[in-house]
Amino acid sequence: MSQTASLPETAADAPGGLFHDPHQWVDMEAWHRRAGELRRNHGRVLIDEPGYSPYWALLKHEDVFAVSRDNTRWLNTHRVVLGPDANYEEMERSGMPPPSSLVQLDGKKHRDHRLVTNDWFKPAAVKQRQPRIDELADLFVERMREMGGRCDFAQDIAQPYTLRVIMDIYGVPEDDEPLMLDLTQGIFGANDPEYMGDAEDPAARLTQAVFTFIQYFNELTEDRRACPRDDLASVIANGTIDGELLGDVERLWYYIIVATAGHDTTSFALAGGMAELAQDPSQLWAMRDDPDLLLTGTDEIIRWTAPVRHFMRHAAEDVEVNGLEIPKGGRVLLSYPSANRDEDVWPDADVFDVRRRDADKLISFGMGAHFCLGSQFARREIRTMLQRLSTQLEHVELVGDVEHSASHFVSGVKHLPIEYRFR
Ligand code: HEM
């Protein structure tokens, strides 16, 4: 395996764009074609392009796995999302406290913070929420019925359903859900013109979203300190580390990571899975005939869609990753969508198949200390909806273009026009 960068022939071919250019995420077939070539020919690619400190893009499952589980020699830091150096430098110069949510923290600080909410995300605790997830899934299937046989599954069902589940746990009232959705899109999808709102540019949109979040969550904190309830907002508002309440900035970032990571991800996975099922409904009926396939099918959807597109890691010392030497201070990009199509793990990785028995080798949720806190919720939400759709629909088809959102960080299917008939 070569350990050098492939030389781009033109600027448009520069491989860095695959990772940082939001627009390259709109055509996923093209993205996977190019990433697949790089993965098969090089495995890892050194990206050294103007505006970005160099980094190795890791495209193979074994490399992403090895780095993710080594949380001693690899650190997340506040630069855990790929962005132009200038943006980070400006933020550091501005004196604004850098983002410090779970994904940006390392070591003991990260462990302590994770423990604040960990119990809420354990399998047994999530299982207790199943009746409520059932209710919400039924509500949205009913909405599909009322829509009379045609909908934009991404906008009308996947998005509001996944949002409602997480906001219900949070304790955010239903009336505030549109605001939460808008803010999440401001943070994850600021580059997509559809999500820009009235902001002048993506940076302004992001700042606007963060400031609105601050105001909203400060009010929520006051309320939950005065009258704690059985919800996640109360846990965060009253959360302590070593006997001290979480600091204002840390608490704010805690709210933001859970509020944002909790639904766009799952919504993109569900909509992306449905896009495949609408084109090959026999796979949906297979789950009806054999309910065990709801488990493998859910994992296959999460493998296939990988809505979190990357995270970065920074070498705390000289490190070797499966033969690749990276000096202290070097950095790597973990490409989850590419690693999930690694032909060394799944020889037919480019085929979507709900019967795939080893779809659970997926790396979409990461690995190690930062392994997705909400994976149990995500799996249950998707499985619960698939169970209903597979048993209640008798026909479904795609009737327009599948549109992906333009973001290099969290993205996926944002419009999915389908027609359907219930049994
Ligand atoms: C299909 C849906 C989802 C995908 C693909 C996904 C993916 C990820 C990934 C890749 C990470 C980073 C893992 C790493 O660095 O090793 C992560 C972390 C995280 N996820 Fe998810 N996620 C999903 C759903 C959710 C849900 C429903 C929640 C609910 C609250 C959630 C909350 C979080 C949080 C809080 C973290 C930070 C954990 C930490 O750094 O310790 N995610 N997720």
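These lines cover the structure that appears in this document, whether it is placed above or below. (Residues numbered from 1 in each chain as written. Predicted model: local features only at pLDDT ≥ 70, side-chain atom pairs only at ≥ 80, totals over all residues. Heavy atoms only, no water.)

1. Some details on the overall build of the chain
Then comes step 1: Helices and strands together make up the secondary structure of the chain, namely 17 helices and 14 strands.
Then comes step 2: On C-alpha atoms alone, the chain measures out to a radius of gyration of 21 Å, which is about the 22 Å that the 2.2 N^0.38 rule sets for 423 residues.
Then comes step 3: Considered along the principal axes of its C-alpha atoms, the chain spans approximately 60 × 55 × 40 Å.
Then comes step 4: Counting all 423 residues of the chain, 56% fall into the buried class.
Then comes step 5: Counting contacts in the chain only where the partners sit at least 6 residues apart, residues at least 24 apart contribute 72% of the total.
Then comes step 6: Summing over all exposed atoms, the chain offers an accessible surface of approximately 17900 Å²; the carbon and sulfur share of this is 50%. (Helix = DSSP H or I, 4+ residues; strand = E, 2+ residues; numbered from the N terminus. Rg over C-alpha atoms; globule rule 2.2 N^0.38 Å. Buried < 20%, exposed > 50% of the residue type's maximum accessible area, 1.4 Å probe, protein only. Contact = heavy atoms within 4.5 Å. Areas by Shrake-Rupley, 256 points an atom, 1.4 Å probe, with all protein chains shown as cover.)

2. Brief notes about the pairing of strand β7 (residues 311–315)
Then comes step 1: Most of β7 is tucked away: five of the five residues are buried.
Then comes step 2: Judged from the four bridges that link them, β7 and strand β10 (residues 331–334) form a sheet pairing that is antiparallel. In the sheet register, Phe311 faces β10, and the bridge partner there is Leu334. (Pairing = 2+ DSSP bridges.)

3. Topic: the site of the ligand
Then comes step 1: Around the ligand sit 28 residues in total, of which His110, Arg114, Arg313, His370 and Cys372 are the nearest.
Then comes step 2: Within the side chain of Arg313, one N or O atom sits 2.7 Å away from an oxygen atom of the ligand.
Then comes step 3: Between the ligand and Met367 there is a distance of 3.2 Å, counted from an oxygen atom to a backbone nitrogen or oxygen.
Then comes step 4: Those elements giving two or more residues to the shell around the ligand turn out to be α5 (107–117), α12 (248–261), α13 (264–279) and β7.
Then comes step 5: Considered class by class, the residues forming the shell around the ligand number 18 nonpolar, eight polar and two charged. (Near = heavy atom within 4 Å. Polar contact = N/O pair within 3.5 Å; in protein donor to acceptor, adjacent residues only side chain to side chain. Nonpolar A, V, L, I, M, F, W, Y, C, P; charged D, E, K, R; others polar.)

4. Details of the sheet that holds strand β14 (residues 417–422)
Then comes step 1: Taken together, three strands build an open sheet; the order of strands is β4-β14-β11 and the sheet is antiparallel. Here the strands that pair on one side only, and so sit at the sheet edges, are β4 (150–152) and β11 (393–398). Across the sheet, the mean angle from the axis of one strand to that of its neighbour is 30°, orientation sign disregarded.
Then comes step 2: Here β4 pairs with β14 via three bridges, running antiparallel. When the sheet's bridge partners are listed, Asp152 is paired in β14 with Pro417.
Then comes step 3: Across the sheet, helix α7 (residues 130–146) touches β4 and β14, and the angle it forms with β14 is around 95°.
Then comes step 4: Packing of helix α17 (residues 375–392) onto the sheet brings it into contact with β11 and β14, and relative to β11 it is tilted by some 105°. (Axes fitted to C-alpha atoms, helices over the stretch in contact; angles between N-to-C directions.)

5. Some thoughts on the nonpolar core
Then comes step 1: Formed by 107 residues in total, the largest nonpolar core has its most connected members in Phe153, Tyr170 and Ile418.
Then comes step 2: The dominant element in this core, judged by the number of residues it contributes, is helix α8 (residues 153–170), at eleven residues.
Then comes step 3: With residues near it in sequence (within four places) discarded, Tyr170 still touches Arg224, Asp231, Leu232, Ala233, Ile236, Tyr254, Tyr255, Val258 and Ala259. (Core = buried A, V, L, I, M, F, W, Y, C linked by side-chain atoms within 4.5 Å.)

6. Notes on the coordination of the iron atom of the ligand
Then comes step 1: Counting protein donors to the iron atom of the ligand gives just one, Cys372 (SG), placed at 2.3 Å.
Then comes step 2: Mapped onto the secondary structure, Cys372 falls in the loop between α16 (336–339) and α17. (Donors = N, O, S within 2.8 Å, 3.2 Å for Na, K, Ca; no water.)

7. So, the pairing of β14
Then comes step 1: Bridging between β11 and β14 involves five bridges; their strand directions are antiparallel. Opposite Val396, over in β14, you have Tyr420 as the bridge partner.

8. Examining the environment of Leu139
Then comes step 1: Position of Leu139 relative to the elements: it lies in helix α7.
Then comes step 2: Exposure remark for Leu139: the relative accessible area of 44% places this residue in the partly exposed category.
Then comes step 3: In the structure, Leu139 is positioned 22 residues away from Tyr161 in sequence and 8.6 Å away in space, judged by C-alpha atoms.

9. Section: the packing of α8 against α17
Then comes step 1: Taken N-terminus to C-terminus, the directions of α8 and α17 make an angle of 135°; their axes are 11 Å apart at the nearest point. With respect to α17, the element α8 is oriented oblique. Remark: the crossing between α8 and α17 carries right-handed chirality. Facing Phe153, Ile157, Tyr161, Thr162, Val165 and Ile169 of α8, the residues of α17 in contact are Phe377, Glu381, Thr384, Met385 and Leu389.
Then comes step 2: Across the contact of α8 with α17, the residue classes tally to eight nonpolar, two polar and one charged. (Parallel < 35°, antiparallel > 145°, perpendicular 65-115°, else oblique. Left-handed = near helix turned anticlockwise from the far one by under 90°.)

10. A closer look at the packing of aromatic side chains
Then comes step 1: Applying the stated criterion across every chain yields a total of 13 aromatic pairs.
Then comes step 2: With a centroid separation of 5.8 Å and an interplanar angle of 80°, the aromatic rings of Tyr420 and Phe422 are classed as edge-to-face. The same class applies to Tyr420 and to Phe422, which are both buried.
Then comes step 3: Following the ring pairs from residue to residue traces out a cluster consisting of Tyr170, Phe213, Tyr216, Phe217 and Tyr255.
Then comes step 4: Lying over the aromatic face of Trp346, Arg303 brings its terminal NZ or CZ to 5.0 Å of the ring centre. (Phe/Tyr/Trp six-rings, centres within 6.5 Å; stacked < 30°, edge-to-face > 60°. Lys NZ or Arg CZ within 6 Å of the ring centre and 35° of its normal.)

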